Amino acid sequence: MSFPVALRYGLFALVVGSSLLGSPFPGSPFLVSPAPASAQQSGTTVHGTVADPTGAVIPGATVTLTPAAGKAIVATTQGDGTYTLPSVPPGVYSETVTMPGFASFVKLNLRIVAGQPLTADAKLSIQEQSQQVNVTAEGATISTDPDSNASATVISGKDLDALSDDPDELSSELTALAGPSAGPNGGQIYVDGFTGGQLPPKSSIREIRINQNPFSAQFDRLGYGRVEVFTKPGTDQYHGNFQMNGNANFLNTSNPFLGSTPQLPYHTLFMMGSFTGPISSKASFSMGGSHRQIEQNTIFDGTLLAAGPSATTPCAPGTIAAPSTCGLYSAAIPVFYPQTRTDFSPRLDLQLSDKNTLTARYQFETNTQINDGTGGFDLPSTAFNLTQTENTLQVTDNQIISSRIINETRFEYQRDLSAQTPQSTAPTIIVPSSFTSGGSSTQTINDHQDHFEVQNYTSIQLKNNFIRLGGRLRSTRDSQFTNSGSNGSFTYTCLATSPTSNCTDAYNVGQVAIYNHTNVVNGSTQATLTDLGVYAEDDWKPKPNLTISYGIRYETQNYMSDHHDFAPRLSFAWGLGKSSSPQTVLRGGFGIFYERLNLTNVVTTRQQNGTNFLPTIVRNPSVGCSPSDPAACTGQTQSSLQTYSLDPNLRTPYILQSAIGVDEQLGKIGTLSINYQNAHGVHEYNSLDCSLAACASPLTSVNGVPVQYDYRFQSEGVFNQNQLSISPRINYGRKISLWGYYVLNFANSDTGGSGSFPSQPNNLHGDYGRASWDTRNRLFTGGSFTLPYLVTFSPFLVASSGQPFNIYTGTDLNGDGIVTDDRPAYATSATLNSVSTKYGVFDLNPSPTAPRIPVNLGRGPALVSFNLRVAKVFGFGGEIAGHNSGGNQGGPNGPPGGGHGRRGGDPFGGNVNSGRRYNLSIGLQAANLFNDVDLSPPNGNLSSTEFGKSTQLAGGFYTSNSALRRITLQTSFTF
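A quick note: this is a predicted structure, and the numbers were derived from the prediction, not measured.

Undergrad: A description of the overall build of the protein should follow, citing residues and the corresponding values.
TA: A count of helices and strands for the protein gives five helices and 49 strands. A buried classification covers 56% of the 975 residues belonging to the protein. In the protein, the share of contacts with a sequence separation of at least 24, taken over all contacts with a separation of at least 6, comes to 73%. Surface exposure of the protein reaches about 37400 Å², of which carbon and sulfur atoms provide 58%.

Undergrad: For the state of the cysteines, give the residues involved together with the corresponding values.
TA: Under the defined criterion, the tally for this structure stands at two disulfides. The disulfide partner of Cys625 is Cys633, and the gap between their sulfur atoms is 2.0 Å. Since a negative S-S torsion denotes a left-handed disulfide, the Cys625-Cys633 link at about 80° is right-handed. Its relative accessible area of 3% is what places Cys625 among the buried residues. Disulfide pairing places Cys690 opposite Cys695 at an S-S distance of 2.1 Å. On the sign convention where negative is left-handed, the bridge of Cys690 and Cys695, at about -80° about the S-S bond, is left-handed.

Undergrad: Can you lay out the sheet that holds strand E32 (residues 613-619) for me, pointing to particular residues and giving the numbers?
TA: Read across the open sheet, the five strands follow the order E23-E22-E26-E27-E32; overall the sheet is mixed. The open sheet has two free edges, formed respectively by strand E23 (435-438) and E32, since each of these has just one partner strand. The mean inter-strand angle of the sheet, taken between neighbouring strand axes irrespective of direction, is 15°. Of the pairings in the sheet, the one linking strand E22 (residues 428-431) to strand E26 (residues 489-491) comprises three bridges and is parallel in character. Bridge pairing in E26 links Ile429 to Phe490.

Undergrad: Residues and numbers for the pattern of salt bridges, please.
TA: In this structure the tally under the stated criterion is 28 salt bridges. A salt bridge links Lys202 to Asp165; the shortest N-O distance between them is 3.2 Å. Residue Lys202 is found in the loop between strand E12 (194-195) and strand E13 (205-210), and its partner Asp165 is found in the loop between strand E10 (153-156) and helix H3 (167-178); the two are separated by 37 residues along the sequence. Side by side, Lys202 and Asp165 carry an identical accessibility label, which is buried. Arg619 is the partner of Asp812 in a salt bridge, and the nearest nitrogen-oxygen pair spans 3.4 Å. In this pair, Asp812 is assigned in the loop between strand E42 (804-805) and strand E43 (825-826) and Arg619 in strand E32, connecting sequence segments 193 residues apart. Of the two residues examined, Asp812 and Arg619, each falls in the buried class. Three or more residues are tied together by salt bridges with common partners; here these are Asp220, Arg472, Arg474 and Asp531.

Undergrad: Which residues make up helix H5 (residues 599-607), and what are the values?
TA: For H5, the buried fraction is high: seven of the nine residues fall into the buried class. Within H5 the residues assigned to the buried category are Leu599, Asn601, Val602, Val603, Thr604, Thr605 and Gln607. Of the surrounding elements, those touching the buried residues of H5 are strand E24 (445-461), strand E25 (465-482), strand E28 (524-543), E32, strand E33 (641-646) and strand E37 (705-732). The residue sitting at the N-terminus of H5 and contributing the capping side-chain oxygen is Asn598; that oxygen lies 2.8 Å from the backbone nitrogen of Thr600.

Undergrad: If you had to explain the packing of aromatic side chains to someone new, which residues and values would you point to?
TA: Where two aromatic rings form a pair, the distance of their centres and the angle of their planes describe that pair. Using the criterion set out here, one finds 30 aromatic pairs in the structure. Seen from their ring centres, Phe490 and Tyr515 are 4.8 Å apart, and the 40° between their planes marks the pair as tilted. With Phe490 in strand E26 and Tyr515 in strand E27 (residues 514-520), this pair connects stretches of sequence that are 25 residues apart. The burial state of Phe490 is the same as that of Tyr515; both residues are buried. One aromatic cluster is present, formed by Tyr238, Phe275, Phe285, Phe876, Tyr918, Phe973 and Phe975 through successive ring pairs. Here the guanidinium or amino end of Arg226 rests over the ring plane of Phe219, the centre of that ring lying 3.8 Å away. Arg569 extends its terminal NZ or CZ atom over the ring of Phe593, reaching a point 4.0 Å from the ring centre.

Rules and cut-offs
Residues numbered from 1 in each chain as written. Predicted model: local features only at pLDDT ≥ 70, side-chain atom pairs only at ≥ 80, totals over all residues. Heavy atoms only, no water. Helix = DSSP H or I, 4+ residues; strand = E, 2+ residues; numbered from the N terminus. Buried < 20%, exposed > 50% of the residue type's maximum accessible area, 1.4 Å probe, protein only. Contact = heavy atoms within 4.5 Å. Areas by Shrake-Rupley, 256 points an atom, 1.4 Å probe, with all protein chains shown as cover. Disulfide = S-S within 2.5 Å. Pairing = 2+ DSSP bridges. Axes fitted to C-alpha atoms, helices over the stretch in contact; angles between N-to-C directions. Salt bridge = Lys/Arg side-chain N within 4 Å of Asp/Glu carboxyl O. Polar contact = N/O pair within 3.5 Å; in protein donor to acceptor, adjacent residues only side chain to side chain. Phe/Tyr/Trp six-rings, centres within 6.5 Å; stacked < 30°, edge-to-face > 60°. Lys NZ or Arg CZ within 6 Å of the ring centre and 35° of its normal.

Dropping the structure here:
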């Protein structure tokens, strides 16, 4: 980041922090003026959450504050386990929390100071004895509990406003927040304990936790990178929220690649809402939904031979003889890309008995996209229309078996339907890194998936041990039809733009490099992937300030040659200093984490087994071969097969991860966590062409037809990763909440995943080098500020170093049919086929044994985006008794909430509440407020005229396809 940019962000933060909010640190020159005397004399709000040892919230618990003299103050927890005691006079109290079936929770000498709101959470033990613990005033705190690592990011209540309302953008943000800590396969998102599926509407989300308890044996994937999303339970009073967001092109900046080219008009209309309340004294409900209509653009930014700079249909190959009608153009062309999405998510919480709670949640989601598959180097003719529908049913049954044992059973059924229809069945024309035209090569795809998941977990509370054990069984069946490749494809090596181009002018002269046509004998494929995992772990507290957690997990799945995967886990948390309330906690851990086989890879092996799909592959066909005359495409190789299979020695990849770190209490307002993590991946997935390499049982023919490309999914790769992460969190009163983390990351690997081929088929380790996920620096920070006059201010800053990208020749040097894996060698003075770039001088045609340049040698541009949401709340109607902004309101007999969580947040969706019955909020959200030009990684194809150039915006959570900065107007109504 340049100095002017850094100065701009720094001054902005300083102005906001000093002028608007004041400093939370005593003695600061920016300290705001003290509150009026009347405010200082008012009572204090005490609030908190009551939960069981597993973290499940407990509705109906009685919370009592007893002063040294006078009448006790009593409250009952609501359906989400929260309670609020408004206007508590200053003084010293004793706190007691009781609930049948649980031990009483007692805290003595609870000091309440005027004007300083207090958070007093309680975790009830299911053993028959009392506990005395310390309660810290409002702010983030540290603990030796395994689930309370300060390196975790917990986003709830008003902090959720910093994130996007759009489900797709929210998913991108959460994946980014999981960071590079999750290894080569990225993070994993859980919704109410289940994996996969779409995110619920944001109006239904109660809390999001990231990287919590990273070495728990309950989970199969890496804890660093795990995202857990919890939905809102029902409440004992009726509450509702309706929100509408609008965005149009006149509010935004344009796509910088368009230059003077007019941009097509576009807009987004997004509506979401939620409604919650009681059904009876034993039941409550919560429902949320959203509808999104997007009229967006994508941008084609390639080079093509066409009749004009705005033409979207290229001239036919071999038309170099007609320069008067066809010219060479490099221009950005906007493409219309409309989308609609609707989702609906009701939830029912039912208290079957005093010891049995049932939660059921259903989600329906449908998504339609027109002109998908365009943009980048893909012209509009390659587009297809996509429709997707998902139905999800989740049921959770929580039972208190005895005073020491809790059992939880979960079940999920998910059904996904998708249909892809091409807009053209014409042959596909491919000029790598220049343009792709004709019809979509994937053609028609109809997919149907059924997913079943059953979980059962038991928690046992002993005197100094908390034991958890259980298991999970998952099964996903995929039934798919496709005629992919039936339209045929013609690949030309390049489109030369000048005599000094790095390739022969293949397209202009009409010389096809590869002709491929697939005869689909049987386009229907079915496959079922099933895996089982069981675990047991124990949190042992030999001392009040020391917790040792140890456990083991066993996993197995089909399609693997090894079926016995044991994953031990070990971690500790040691509080230094006072054993009752340590200010410093030292944490460390080690664990083995296995990776599951992807169902998509299994389906590929069923489709391309040499029987269902019969491709005709012709390399360097004779002159006359063209899209208009495919019958003339004869030449070196015909009627040869391209097959995919699972290697007979396929192993389950696993990662050995270790970490050491320290959590530090920052006075009464926050925490700081610093952690070092090391990960070593073994048997990582890769692909290999066994027709060129030494493989077990090479496949030479199927039913008499020769196999040219014998592709195998293998597990021969490795990776190594080292990271340093810093995670601060500050909660100052009820007005300021800040969270974030910074990660310094170093990652090396010899594979980029199951679709990655080595550049030298018999030397996979020759590709060991910088991994594609080796993003060196990442910074995330967000939060919420409550300003005077019911104004909320929610910033979210994301910044990262450039993403590595591979530099390759763009030609098939090793003969495996893949042109993106062949890297050049460094050129010498005697090199004939050299090309000079800012990354070095390269030999485009090195000998097979010549050392290649390092993998992922290039690095893309750095990225930064500052998002900001500002809203003003107007309250009207009667006042709410006992109001506490940011906490739930309700009567004493709340229905069960179910689920897990800490403080459940605001039933009004996280916005500041005025304390009145009705609230109207008006605001806006600015995405990439400072209009930073965030670009995608450059093109690494040395045979392309676009080499070294970024041809698209970064997308994701940095920009949209259409604009750098986006301004969205928002309004919401709550009651």
